[in-house]
Amino acid sequence: MELLKTKFHSTEKILLPRIKRELAADYGSNTIDATPTAVRMMFTVSPYVDYDGLIHLTKVQIREKLGVCSNFIARTLESAKHANFIEEREGRLYSLVHTFENAKSSEFNFIQNYSRLVDGRFPNVGKWAMRLFMYILGSSVSGRQVVKLENLYRNNLHTVDNGLNYFPDARRVVDALVRLLHHDLIQVEFPVPNKSERTVLNKENAELHRILLEEYAGIRQGCTANKENGTRKKRTSSLQSKNHLLVLSISESVTSSKERVKASQTELNLMLEENNYSVDLLRESTVTSIIGIKNALYFGAGEIGLSIYRKSFSQFLSQKMPLIDYYDQQEYKVYNHFINYYVLTSVQSVLLQVAKNSVLESKSTTPNEFVTAYGTIKHKEVKGLLNFFNDRASRNHNVIMEKLLFDLNFKLHTLEETKLPWKKIFEKAAAIRFNFLVHENVQLPPRELRELTYELATNNLLHLEEKYREYVTQFINSKYPFYDVAKAAGFNHFSGDIPNDEPKKIQFYNWLEDRS
């Protein structure tokens, strides 16, 4: 089978899955009931979350990344479900806390995929230290929070407008801060009393963390107010509390690098592994081009586009898996075969179902959505699929699509909201016929000309000039045995016109005028 030449799009845009900032803020303020491991898990799966929330990791893989036992991962998943972090459908896990918003316009709405957060090796710092870390992380885009010490624990000076109320005393706050500092997750700053200097606690002065924080917090050693550890917080006046400011920042070791998104490549590899193959065996350009198709379909038609991609690729693998190495020997041949013989035919089937439904409905009851084999689709998604088809379809696809729409008695005005991209299909097919009239000097009536180009398209010949010219000759001779004689005598379209010295006008029938 001859391979169609389809334009490759190498710059498809992509949106990244990121944790919603509200999750960090809500967990940090203790309004979400979930285990620290459940929160760690949601960050860990971030690079593997697809556009529809599907997490391309099995439960076993998640357990391995978190480094926990089987019983523990079961409890973690239950905690995540209870907190509405995830849901399970047909044995697959879907995230409910990731967003795909554009980074330039809405960065405050999500947390970046910092490597230390999502690589699965985030330290186990305990329940309350984890909440404090999330409080700092979710506070701002910069990950920097300025707060009074007394607003981090329950006391008479605590104000509700800013801070936390789940630490019982200053000592517990210090314990959590020290633990976070120990793992180089945060940096703490506070002013030196009666001086213009600041004390900065970070990985460089680990041995001083507890001493300096307890001194600043006014925690006395050796007293008996706290029977567990023999410590007591010095009494603090309301006026003094205004000066107990802490600047809490996420450590540079956390924010210095980001993890690459792996959802689409992981999904591709999972489908290949079902056929005893691996994504590592394909050219990088092949992988990129296939993922590019997925991105384009999603941006054009949302989850309907994802469904088309997944079903088309599964069908491609089931039928062409033995040939994938052969195809991949030539750059973009896998891409061309996949998009021409699977993706575009699937898109075409959806569009034809929409067209058929519009023909069956009266003008006054044109539906706002259409049921297809890939799900329910609305006008916006129809337009996206039309744009995808018009941008990538070969001449063969275009002529076949026009003929099938013509057979349905499809009229443009029945789908006014998407009229222009529908019209483009017809205009391209008309241009192909016009090419035959002018450049190939083929003079046939409109009906026969449409029949000829359709036969060429169904035989995948419109892109092969030498072969289609041979086919054109056979077609014309079968229809009009005396075509060459009539053409030599100057007859135009077998109308009996006598040649003259004036330039001949090409009889081009624009049937769109009758169908709009």
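On a predicted model such as this, the values are computed, not experimentally measured, just so you know.

A. Inspection of the overall build of the protein chain at higher detail. The secondary structure content of the protein chain amounts to 22 helices and 13 strands. The buried share of the protein chain, reckoned over its 516 residues, is 51%. Contacts spanning at least 24 positions in sequence make up 69% of the contacts within the protein chain whose residues lie at least 6 apart. For the protein chain, the exposed surface amounts to about 26000 Å²; the carbon and sulfur share of it is 48%.

B. Quick peek at the pattern of salt bridges. Per the counting criterion, the structure on display carries 19 salt bridges. In this structure, Arg210 and Glu214 form a salt bridge, with 3.7 Å as the shortest nitrogen-oxygen distance. Of this pair, Arg210 and Glu214 both sit in helix α9 (residues 209-217), separated by 4 residues, roughly a single helical turn. Accessibility expressed as a relative area gives 8% for Glu214, which makes it buried. Taken together, the salt bridges that share partners define one network made up of Asp50, Asp52, Glu267, Lys294 and Arg310.

C. View of the nonpolar core. Core analysis: the biggest nonpolar cluster contains 73 residues, and Met41, Phe85, Leu117, Phe133 and Val188 have the highest contact counts within it. Setting aside chain neighbours within four positions, we find Met41 in contact with Ile62, Leu66, Ile73, Thr76, Leu77, Ala80 and Ile86. Core analysis: the second largest hydrophobic core is formed by 53 residues, Ala301, Phe316, Val347 and Val350 among them.

D. Representation of the packing of aromatic side chains within the structure. What the rule picks out here adds up to 17 aromatic pairs. The interplanar angle of 5 degrees and the centroid separation of 4.0 Å between the aromatic rings of Tyr51 and Tyr298 together place this pair among those described as stacked. Placement of Tyr51 in the loop between α2 (36-44) and α3 (59-66) and of Tyr298 in helix α13 (residues 284-320) is noted, with a sequence separation of 247 residues between them. Take Tyr51 and Tyr298: they sit in the same class, and that class is buried. An aromatic cluster of at least three residues, connected via ring pairs, comprises Tyr309, Phe313, Phe316, Phe338 and Tyr342. Geometry around Phe108 places Arg21 over its ring, the cationic atom sitting 5.3 Å from the centre.

E. Representation of the packing of helix α12 (residues 263-273) against α13 in the model. Running from amino to carboxyl end, α12 crosses α13 at an angle of 25 degrees, the nearest separation of the two axes being 9 Å. Between α12 and α13, the crossing angle belongs to the class labelled roughly parallel. By crossing handedness, the relation of α12 to α13 is classed as right-handed. Note on element contacts: α13 touches α12 through Val287, Ile290, Ile291, Lys294, Asn295, Tyr309, Arg310, Phe313, Ser314 and Leu317, opposite Ser264, Gln265, Glu267, Leu268, Met271 and Leu272. Taken together, the residues that form the contact of α12 with α13 break down as 9 nonpolar, 4 polar and 3 charged.

F. Spatial organisation of the pairing of strand β2 (residues 86-89). The pairing of β2 with strand β3 (residues 92-95) spans 4 bridges and is antiparallel. Bridge pairing in β3 places Glu88 opposite Leu93. Remark: 2 residues form the turn of the hairpin made by β2 and β3, two consecutive strands paired antiparallel; Glu90 in that turn has positive phi of roughly 50 degrees.

G. Spatial organisation of the side chain of Ser79. Here Ser79 shows up in helix α4 (residues 70-82). Among residues more than four places away in sequence, those in contact with Ser79 are Ala34, Thr35 and Ala38.

H. Just unusual backbone geometry, in detail. One non-glycine residue, Asp184, adopts positive backbone phi at about 55 degrees. Relative to the helices and strands, Asp184 is located in the loop between α8 (170-182) and β7 (186-191). For Asp184, a relative accessible area of 15% translates into the label buried. One non-glycine residue with positive phi stands out, namely Tyr332, at about 70 degrees. Mapped onto the elements of the fold, Tyr332 is located in the loop between α14 (324-328) and α15 (333-360).

I. Quick look at helix α1 (residues 21-28). Along α1, the residues that are buried comprise Arg21, Leu23, Ala24, Tyr27 and Gly28. For α1, the angular spread of the buried residues around the axis is 165 degrees, confining them to a single face. Structurally, α1 contributes buried residues whose contacts are with β1 (18-20), α2, β5 (110-111) and α7 (127-137). Positive backbone phi, at 70 degrees, marks Asn30, one or two positions downstream of α1.

J. Region of the structure containing the pairing of strand β11 (residues 245-250). By the criterion of burial, β11 is predominantly enclosed, with 5 of the 6 residues buried. Pairing of strand β6 (residues 144-148) with β11 involves 5 bridges; the strand directions are antiparallel. Along β11, the bridge assignment pairs Arg144 with Ser249. As paired strands, β7 and β11 are joined by 4 bridges and run antiparallel to one another.

K. Geometry of the sheet that holds strand β4 (residues 98-99). Ordered by their spatial adjacency, 3 strands build an open sheet running β4-β1-β5, and the pairing between neighbours is antiparallel. The open sheet has two edge strands with one neighbour each: β4 and β5. Two elements, β1 and β5, share 2 bridges in a ladder whose sense is antiparallel. Within the sheet, the bridge partner assigned to Ile19 lies in β5 and is Ile111.

Conventions we followed
Along each chain, residues carry numbers from 1 onward, in the same order as the chain's sequence is written. For this predicted model, a pLDDT threshold of at least 70 governs which residues receive local features, and a threshold of 80 or more governs which side-chain atom pairs are given and counted, while totals over whole chains, interfaces and linings are taken from all residues. Heavy atoms from the whole structure form the basis of all side-chain values; hydrogens and water molecules are not counted. Each helix corresponds to a stretch of at least 4 residues labelled H or I by DSSP, and each strand to a stretch of at least 2 residues labelled E; elements are numbered beginning at the N terminus. Here's how the labels work: a residue is buried when its accessible area is under 20% of the maximum for its type, exposed when over 50%, partly exposed in between, all with a 1.4 Å probe on protein chains only. Working rule for contacts: check all heavy atoms of both residues, and any pair within 4.5 Å makes them a contact. Method for areas: the Shrake-Rupley scheme with a 1.4 Å probe, in which residue coverage is limited to the protein chains shown. Salt-bridge detection follows one rule: a side-chain nitrogen of Lys or Arg within 4 Å of a carboxyl oxygen of Asp or Glu. Residues enter a nonpolar core if they are buried and are Ala, Val, Leu, Ile, Met, Phe, Trp, Tyr or Cys, with the set joined through side-chain atoms within 4.5 Å. Pairs were defined over the aromatic rings of Phe, Tyr and Trp, the Trp ring being its six-membered one, requiring ring centres within 6.5 Å. Orientation was assigned from the angle between planes: stacked under 30 degrees, edge-to-face over 60, tilted for the rest. Throughout this description, the term charge over a ring refers to an Arg CZ or Lys NZ atom that lies within 6 Å of the ring centre and within 35 degrees of the ring normal. Only the stretch in contact is used when a helix axis is fitted, and all axes are lines through C-alpha atoms; the angle between N-to-C directions ranges over 0 to 180 degrees. To sort the angles, those under 35 degrees are grouped as roughly parallel, those over 145 as roughly antiparallel, those from 65 to 115 as roughly perpendicular, and the leftovers as oblique. For any pair of crossing helices, the crossing counts as left-handed if the nearer helix is rotated counterclockwise from the farther one by less than a right angle, and right-handed if it is rotated clockwise. In this classification, the charged set is Asp, Glu, Lys and Arg, the nonpolar set is Ala, Val, Leu, Ile, Met, Phe, Trp, Tyr, Cys and Pro, and all remaining amino acids, among them Gly, are polar. Strand pairing follows a simple DSSP-based rule, namely that at least 2 bridges must link the two strands. Taking the helix axis as origin, the arc is that swept by the directions to the C-beta atoms.

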